[in-house]
Amino acid sequence: QKEVEQNSGPLSVPEGAIASLNCTYSDRVSQSFFWYRQYSGKSPELIMSIYSNGDKEDGRFTAQLNKASQYVSLLIRDSQPSDSATYLCAASYNTNAGKSTFGDGTTLTVKP
Amino acid sequence: SAVISQKPSRDICQRGTSLTIQCQVDSQVTMMFWYRQQPGQSLTLIATANQGSEATYESGFVIDKFPISRPNLTFSTLTVSNMSPEDSSIYLCSVVGGGDEQYFGPGTRLTVT
């Protein structure tokens, strides 16, 4: 079993819709969770981090964490064609060790 | 967030040769990380490079194949040795922020023929 698993996708939504990306993790000692966006041919860039149970909102993005269910999600409201990218979920297992484990990513396409 | 540069941005190499990738950060950092991203796949951590000590390699990666240098707090190199086509990947260096988030360089796209 992979340590971080994501919906394999691809996911396609119409412009203006809500895109929902899901991630589960296997290690209960995980403390920090991240969503990165990776455009084709580019390196990943951080879009959200979340450390405690509940929701965290930043503009059109909302990250949700449920440690009891070992579940992390990312909601993108009012999806735009520019949101089309691969989204990587990552977990950090040891605070201050700096290492993250990444899921395989979900490719999102937002159709105009 | 740190500004990270990598050289070269891409290269095409023949099997059996070696390539050294450079990573420069605009601020002093304790740890630097080297990741590999094979075509269509996610990121796999190769090693952690700490200044003044040997790099720490992840399972499946060895120093003879991926020697790493870390001469100071802003610079690191990764060498891919005795390359085979299976080494064709994007190689990324990164640094960690205060919340354990990763900041990545632009990557080096390596093709081995």
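One can find the structure itself at the top, above this paragraph.
Small disclaimer: the values here were computed from a predicted structure and weren't measured. (Residues numbered from 1 in each chain as written. Chains lettered and ligands numbered in written order. Predicted model: local features only at pLDDT ≥ 70, side-chain atom pairs only at ≥ 80, totals over all residues. Heavy atoms only, no water.)

Q: Any chance you could break down the sheet that holds strand 8 (residues 71–76) of chain A for me, citing the residues and the numbers?
A: Whether parallel or antiparallel, the strands of a sheet pair through hydrogen bonds between backbone atoms. Residue and element names in this part refer to chain A. Across the sheet, five strands lie side by side as 1-3-8-7-6; this open sheet has antiparallel pairing. With one partner strand each, in any of the chains shown, strand 1 (4–6) and strand 6 (54–58) form the two edges of the open sheet. Here the average twist between neighbouring strands, direction ignored, is 20 degrees. As judged from the five bridges shared by strand 6 and strand 7 (residues 61–66), these two strands associate in the antiparallel manner. (Pairing = 2+ DSSP bridges. Helix = DSSP H or I, 4+ residues; strand = E, 2+ residues; numbered from the N terminus. Axes fitted to C-alpha atoms, helices over the stretch in contact; angles between N-to-C directions.)

Q: How would you explain the interface of chain B and chain A if you had to name every residue and give the values?
A: Interfaces are often sized by the amount of accessible area the parts lose when they come together. Taken together, the contact between chain B and chain A spans 20 residues of the former and 21 residues of the latter. Counting each side, the surface lost to burial between chain B and chain A is near 1,500 Å², with a carbon and sulfur contribution of 51%. At the boundary of chain B with chain A, the tally comes to one salt bridge. Between Glu58 of chain B and Lys99 of chain A there is a salt bridge; the shortest N-O distance is 3.1 Å. Where chain B packs against chain A, one counts seven residue pairs in polar contact (both at pLDDT 80 or more). Mapped onto the side of chain B that touches chain A, the elements with two or more residues apiece are strand 4 (31–37), strand 5 (43–50), strand 9 (89–96) and strand 10 (102–104) of chain B. Grouping the amino acids of the side of chain B that touches chain A by side-chain chemistry returns ten nonpolar, six polar and four charged. (Contact = heavy atoms within 4.5 Å. Buried area = accessible area lost by both parts, 1.4 Å probe. Salt bridge = Lys/Arg side-chain N within 4 Å of Asp/Glu carboxyl O. Polar contact = N/O pair within 3.5 Å; in protein donor to acceptor, adjacent residues only side chain to side chain. Nonpolar A, V, L, I, M, F, W, Y, C, P; charged D, E, K, R; others polar.)

Q: Give me the nonpolar core: which residues, what numbers.
A: Within the largest apolar cluster, 25 residues are counted, with the highest numbers of intra-cluster contacts made by Trp34, Ile46, Phe66, Ile68, Leu78, Tyr91 and Leu110 of chain B. Looking at this core, the elements with two or more residues in it are strand 3 (19–25), strand 4, strand 5, strand 8 (75–80), strand 9 and strand 11 (108–112) of chain B. By residue number, the principal contributor to this core is strand 3 of chain B, which donates four residues. Counting 24 residues, the second largest nonpolar core, distinct from the first, contains Ile50, Ala63, Leu65 and Val72 of chain A. (Core = buried A, V, L, I, M, F, W, Y, C linked by side-chain atoms within 4.5 Å. Buried < 20%, exposed > 50% of the residue type's maximum accessible area, 1.4 Å probe, protein only.)

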